[in-house]
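Next come the chains, spelled out residue by residue.
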Amino acid sequence: MLASLIIVFREVLEAGLIVGIVLAATQGVVGRGRWIAFGIIGGIIGSCVVAAFADGISSLFADTGQELFNATVLLIAVAMLAWHNAWMAQHGRELARDMKAVGHAVQSGEKSLAALAVVIGVAVLREGSEVVLFLTGILASEEGGIATVAAGGLGGMALGALVSVLLYVGLVQIPTRHLFATTTWLLTLLAAGMAATAVNFLAQGGVLNVGGAVLWDSSGLLRDNSLIGQALHVLVGYTDRPTEAQLIAYVGVVVGILLLTRWAAGNPPSNRSRVASPAE
Amino acid sequence: MRRVSLLSAACAIALSGAAFLQAAPVRADDVITIVIKDHKFEPAEVKVPANKRVTLLVDNQDATSEEFESGEMKVEKIVGGRKQIKVMVGPLKPGRYPFFGEFHEATAQGAVIAE
Ligand SMILES: [Cu+2]
């Protein structure tokens, strides 16, 4: 029973950390609660669907369907995070101003929230489908039954939610003017880590056949399947045995997002006056 | 003009994606079977040729699902209850590469020996 609680906790933690960062990144943006709820609910529904069709997905593309599905889903999240950060670079000033005028809606902020809802949905979908497969497996066997599933499911989810709330509370302690810079960096590293994981799935599926050499092994210092290693894996993309291709993807995404946000900041939105006009 | 170049870029990406999928190995040689039973791997140690890409067929005979995982081989794949999956590993340098079942880590332990 404790084992299932720990496994569910670990999976929920992975998705929960992402929700915590997104919540902090959208601090003060009107309508964020609805979009984040959309993301979580959509992800939960999606994870049940993915779990139900797991065997079908797995057998696609010469039995590399699971790898290609994971890689695709991660790369969609990377694109959404890049887009969100570019959007923030364009609108950050208005957002900061509007946050002072409490309750003042930021127009067209919905698009950026939708992108982050997709990121959350994807994170919940990936980890959630593992939870569903794990728990339905236990239900199907004689060893545990409903008591184990309930204890593992609910306990693990509560613990995972608690940690993500703690992360969120910790982040929002940061003064507002530094909060945006901090969360932008966190989202950038989150995207880079996701890209590196996606690259690994592509290599595992035999789609990517170059750059497979492992660059270093820091598993003696911190294993990436330990609890701290796993949290760092989600937050900054820590991997104890990165391959060349993973490092290239990681650095490439960080540089790519930096260039994109710099370019976006230099191209302010054409509807600036409309967005920035104060309501009072 | 800009639209045309965007379009051709999109086509190029789609085509190279299709080429990638075509290139995905479908050969069935070098398949090594590992059975999961009572949350244990059978055999717990398998020998594979070094410096060669091999396919592991993980046959889960338990009712519970399992996640076949190895940091050393950099693989992670879910296999449903009473289902099978194929995991491609390598090419591996000679050595011992432990793997485990993430959902039943206490008992599900094994290793690939490349030589
Ligand atoms: Cu996971």
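Residues numbered from 1 in each chain as written. Chains lettered and ligands numbered in written order. Predicted model: local features only at pLDDT ≥ 70, side-chain atom pairs only at ≥ 80, totals over all residues. Heavy atoms only, no water.

Undergrad: Could you give an account of the sheet that holds strand E5 (residues 66–70) of chain B, with specific residues and numbers?
TA: Residues and elements named next belong to chain B. Reading across from one edge, E3-E9-E8-E5-E6 is the order of the 5 strands in this open sheet, with mixed pairing throughout. Single-partner strands in this sheet number two, and they are strand E3 (45–48) and strand E6 (75–79). Each strand axis lies, on average, 20° off the axis of its neighbour in the sheet, ignoring direction. In terms of strand pairing, E3 meets strand E9 (residues 109–114) through 4 bridges, oriented parallel. Following the sheet pairing, Lys 47 is matched in E9 by Ile 113. (Pairing = 2+ DSSP bridges. Helix = DSSP H or I, 4+ residues; strand = E, 2+ residues; numbered from the N terminus. Axes fitted to C-alpha atoms, helices over the stretch in contact; angles between N-to-C directions.)

Undergrad: So what's going on with the packing of aromatic side chains? Which residues, and what values?
TA: All names here are of chain B. Applying the stated rule across the entire model yields 5 aromatic pairs over all chains. Centre to centre, the rings of Phe 68 and Phe 99 are 4.8 Å apart; their planes meet at 35°, and the pair counts as tilted. Residue Phe 68 is located in strand E5, and its partner Phe 99 is located in strand E8 (residues 95–101); the two are separated by 31 residues in the primary sequence. No difference in accessibility class separates Phe 68 from Phe 99, as the two residues are buried. (Phe/Tyr/Trp six-rings, centres within 6.5 Å; stacked < 30°, edge-to-face > 60°. Buried < 20%, exposed > 50% of the residue type's maximum accessible area, 1.4 Å probe, protein only.)

Undergrad: Lay out a nonpolar patch on the surface with the relevant residues and their values.
TA: Residues and elements named next belong to chain A. Side chains of Leu 215, Trp 216, Leu 247, Val 251, Val 255 and Leu 259 sit close together on the surface and give an oily, nonpolar patch of about 520 Å² of accessible area. Within the element layout of this structure, Leu 215 appears in the loop between helix H7 (176–204) and helix H8 (227–236). With relative accessibility at 38%, the residue Leu 215 sits in the partly exposed group. (Patch = residues over 30% accessible without salt bridge, like charges linked within 9 Å, V, L, I, M, F, W, Y side chains within 5 Å. Areas by Shrake-Rupley, 256 points an atom, 1.4 Å probe, with all protein chains shown as cover. Salt bridge = Lys/Arg side-chain N within 4 Å of Asp/Glu carboxyl O.)

Undergrad: Before we move on, could you go through the pattern of salt bridges and cite the residues and values that matter?
TA: Per the stated rule, a full pass over the model turns up 9 salt bridges over all chains. Of the charged contacts, one joins Arg 241 of chain A and Asp 240 of chain A as a salt bridge, the two residues approaching to 3.3 Å between their closest N and O atoms. Look at Arg 241 of chain A and you get buried, because its relative accessible area is 6%. Each of the salt bridges in this network shares a partner with another, and the network as a whole consists of Asp 217, Arg 223, Asp 240 and Arg 241 of chain A together with Glu 72 of chain B.

It is worth stressing that arrangement in space is one thing and function is another; only the former is reported here.
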